[in-house]
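Fold and contact review
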Amino acid sequence: MGFKKNRYTSFYTCLVEKIGQIPLNGNNFVPQGCCSIGNFVVVACYDYNHESNSILYVFSNNSVKRVFLDSKLHCGGIGYHKKTDSLFVTGVGYGNKSFINRYCGKDLVDAKDLSTIYVDKVTCVDDKNMLYSTSAKHSSPSYLAIHNNNIYVGNYVDFSQFNEHKAIIKEYRILSNGDISVTNSVISNPFSNTQGICLVDHKGTTYYLFSRSFGRKRNSIINVCTYDGKFNCINTVVLPSMLEQINNYKDGIVVIFESCAKCYCKTCICNDNGIYYLDFNTLLTCNDDKKCFSKGKGLFTSDKTIDIKGNGGLL
């Protein structure tokens, strides 16, 4: 396991520390989401075979505990809202219904290893109020980000179908009791293959970071953007393949990869079960990977190059 330093220069330039390793140990869990709760870092995984309930790995110092969710839902993004002590989890459950589930953060922190926590509030999200697509594949809430008292939830659209289906980010408001309400705010996402978003406040500006993954044989990227009614990409950083959710952590972000999952690791160009802390200042300014972005060249192992700055599809 591990990534070649000479291949992922910016990744190592941004790297502050490796927080821990996801102890999959050959099981069928697939990492999807990550967030922090106080001094804890949480990684959410679903069972690839949908035989076991989804699981949260909770890291603190050099220890890790395993806490099950109370369903087999295909969990996606997760996020923690401190004011209401709410852990929000997106996912698809029985009957392909889409959900944003709320759990109590204290329940997770206090839980014993291999115990189960139970949902406190279920918000069922259908195609109509998410305004995604009539296609079930593209209508599910795949990722989320929490910023102030808002939740931003988006869907995943592959670059091969980006012209046929909308990629949007829907805004919800977190109420004082931890419930969520729909707002009328819908943001058009110019990026295909979005696995996660993260909002970072830095020197008076709110930056939007997009985690984008292009399968087992291509590298991933993070687009760093500002927003003034449209997204303006100001930097793009290459990361190893199968990047998943990214989230706020200390003075930067925490990142995970699903390439370490049993179902992917043997066919992925690189795999690693690490949880990594990247510095935001460096993400904002590093340009070590510019040589990778010219058409037909660089680190994307494909006969076509991803349109890295938006427009969804391939060049």
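For the structure itself, look to the data block above.
Residues numbered from 1 in each chain as written. Predicted model: local features only at pLDDT ≥ 70, side-chain atom pairs only at ≥ 80, totals over all residues. Heavy atoms only, no water.

**A few points about the overall build of the protein chain**
The secondary structure content of the protein chain amounts to five helices and 21 strands. A burial count over the protein chain gives 57% of its 315 residues as buried. Considering only intrachain contacts with a sequence separation of at least 6, the fraction spanning at least 24 residues in the protein chain is 52%. For the protein chain, the exposed area adds up to about 13,600 Å²; of that, 46% sits on carbon and sulfur atoms. (Helix = DSSP H or I, 4+ residues; strand = E, 2+ residues; numbered from the N terminus. Buried < 20%, exposed > 50% of the residue type's maximum accessible area, 1.4 Å probe, protein only. Contact = heavy atoms within 4.5 Å. Areas by Shrake-Rupley, 256 points an atom, 1.4 Å probe, with all protein chains shown as cover.)

**Some points on the nonpolar core**
One finds L209, I253 and L278 to be the most contacted residues of the largest nonpolar core, which totals 28 residues. Contact partners of I253, with chain neighbours within four places excluded, come to C198, V200, L209, I222, I246, N247, N248, Y276, Y277, L278 and L283. In terms of nonpolar packing, the next biggest core, distinct from the first, is built from 23 residues, V42, Y103, A111 and Y264 among them. (Core = buried A, V, L, I, M, F, W, Y, C linked by side-chain atoms within 4.5 Å.)

**Quick look at the side chain of E244**
Mapped onto the elements, E244 comes out in strand β19 (residues 243-249). R216 provides the closest opposite charge to the buried, salt-bridge-free E244, at an N-O distance of 11 Å. Once residues lying within four places of it in the same chain are set aside, the contact partners of E244 are P31, Q32, Q195, S211, I256, F257 and E258. (Lys, Arg positive; Asp, Glu negative; His and termini not counted. Salt bridge = Lys/Arg side-chain N within 4 Å of Asp/Glu carboxyl O.)

**Concerning the pairing of strand β16 (residues 205-212)**
Of all eight residues making up β16, six are buried, and the element is well covered by its neighbours. As judged from the eight bridges shared by strand β15 (residues 194-202) and β16, these two strands associate in the antiparallel manner. Looking at the pairing, T194 lines up with R212 of β16. Where β15 folds back onto β16 in an antiparallel hairpin, the turn is made up of two residues, including K203, whose phi is positive at roughly 50°. (Pairing = 2+ DSSP bridges.)

**Concerning the sheet that holds strand β12 (residues 150-154)**
With antiparallel pairing, four strands are arranged side by side in an open sheet as β11-β12-β13-β14. With partners counted over all chains shown, the strands left at the sheet margins are β11 (143-147) and β14 (180-188), one partner each. Strand-to-strand twist of the sheet, defined as the mean angle between neighbouring strand axes without regard to direction, takes the value 25°. Of the strand pairs in this sheet, β12 and strand β13 (residues 168-174) are connected by five bridges, and their pairing is antiparallel. Residue pairing for β13: Y152 is matched across the bridge by E171. (Axes fitted to C-alpha atoms, helices over the stretch in contact; angles between N-to-C directions.)

**A short note on the pattern of salt bridges**
Per the counting criterion, the structure on display carries five salt bridges. Here D113 makes a salt bridge to R66, at a shortest N to O gap of 2.5 Å. Here D113, found in the loop between α2 (105-110) and β9 (115-116), pairs with R66, found in strand β5 (residues 63-68); they are 47 residues apart in sequence, far enough to count as distant. In this structure D113 comes out as partly exposed when scored by relative accessible area, which is 37%.

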